[in-house]
Amino acid sequence: MTKGNLLYEGKAKSVFETSNPDELLVYFKDDATAGNGEKHGIIQGKGVMNNKISTFFFKQLKDRGIATHFIEAVSDREMLVKRLDMIKLEIVIRNIVAGSLVKRLGMAEGTPLSVPIIEYDYKSDELGDPMFNRWHIMALNLATINEMNAIEHISLSVNTIMRSILKAKNVDLIDFKLEFGRAKNGEILLADEISPDNCRFWDSETQEKLDKDRFRHDLGGVEEAYQEILNRLTL
Ligand code: ADP
Ligand code: UDP
């Protein structure tokens, strides 16, 4: 595998072409943004930790029958993945009330939901990632009904698997964001990353936040929180 041209420079990752047209190299950066890019900072070592945490989850999911874009980690900050036709949606799965749901539902942070909630956000920096429902998605031809059914089915399985892995490490999975894409044969695959950047992780006993909320809300101990999640999962 040879690293090729930069295909896309994202907020947290850069994506490179490779000598294989069906594979991409994802480079995990230390850059962090919040509030739709209004807040920017560096979380020292985040790229290395997120590459390792994502690798851990993608391998665990594969072992439990979930197809993902992950091929292999090729360095501390680089992951080789299948090149997908990305669906321009962020799929948010919520188990416990937190973040923007506090205001929207008028419920206290930390309130358990009786069933997981699935939400769609349209991936558009210009529009500020507005929340969509199935009708918006169909109207904009972002995904078919069959694809949305597959995405929701996989997302709920990922939620069940991740909750059980994390519970054994004394971590509660509050909510998280997934992205999906289409493989060459049309199959829907889980893509992007699974890390404290896009998940809310709370210590099961103390409810301490072990994720990007520490950066978003200037709580301090940001690097330590990412390291703690990596340690609990892999040590
Ligand atoms: P953003 O685009 O929000 O700034 P990142 O910095 O994480 O996000 O950039 C990574 C980009 O790579 C995202 O746009 C994501 O949708 C895309 N991506 C993730 N996995 C794949 C894949 N397997 N094939 C093609 N693109 C992917
Ligand atoms: N999330 C994400 N990217 C986004 C928005 C949200 O990864 O652009 C994740 C976030 O880490 C959390 C979940 O999605 O785990 C739900 O986020 P929420 O909508 O509550 O985010 P907020 O609006 O509070 O930033």
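Residues numbered from 1 in each chain as written. Chains lettered and ligands numbered in written order. Predicted model: local features only at pLDDT ≥ 70, side-chain atom pairs only at ≥ 80, totals over all residues. Heavy atoms only, no water.

Undergrad: How do you make sense of the site of ligand 1 when you look at a structure like this?
TA: Around ligand 1 sit 16 residues in total, of which Y8, K11, A12, K13 and E179 are the nearest. K82 places a main-chain nitrogen or oxygen 2.8 Å from a nitrogen atom of ligand 1. Contact with the protein chains removes 88% of the 560 Å² of surface that ligand 1 exposes when unbound. At the level of secondary structure, the elements contributing two or more residues to the shell around ligand 1 comprise β2 (13-18) and β7 (78-82). The class makeup of the residues in the shell around ligand 1 is eight nonpolar, two polar and six charged. (Near = heavy atom within 4 Å. Polar contact = N/O pair within 3.5 Å; in protein donor to acceptor, adjacent residues only side chain to side chain. Areas by Shrake-Rupley, 256 points an atom, 1.4 Å probe, with all protein chains shown as cover. Helix = DSSP H or I, 4+ residues; strand = E, 2+ residues; numbered from the N terminus. Nonpolar A, V, L, I, M, F, W, Y, C, P; charged D, E, K, R; others polar.)

Undergrad: Where do I start with the packing of helix α1 (residues 46-63) against helix α4 (residues 145-167) in this structure?
TA: Two packed helices can be described by the angle between their axes and the distance between those axes. In the contact formed by α1 and α4, the axes pass within 11 Å of each other and the chain directions differ by 115°. Our pair here, α1 against α4, has a crossing hand that is right-handed. Between α1, through F56, F57, Q60 and L61, and α4, the contact on the second element is made entirely by V158, I161, M162, I165 and L166. Across the contact of α1 with α4, the residue classes tally to eight nonpolar, one polar and no charged. (Axes fitted to C-alpha atoms, helices over the stretch in contact; angles between N-to-C directions. Left-handed = near helix turned anticlockwise from the far one by under 90°. Contact = heavy atoms within 4.5 Å.)

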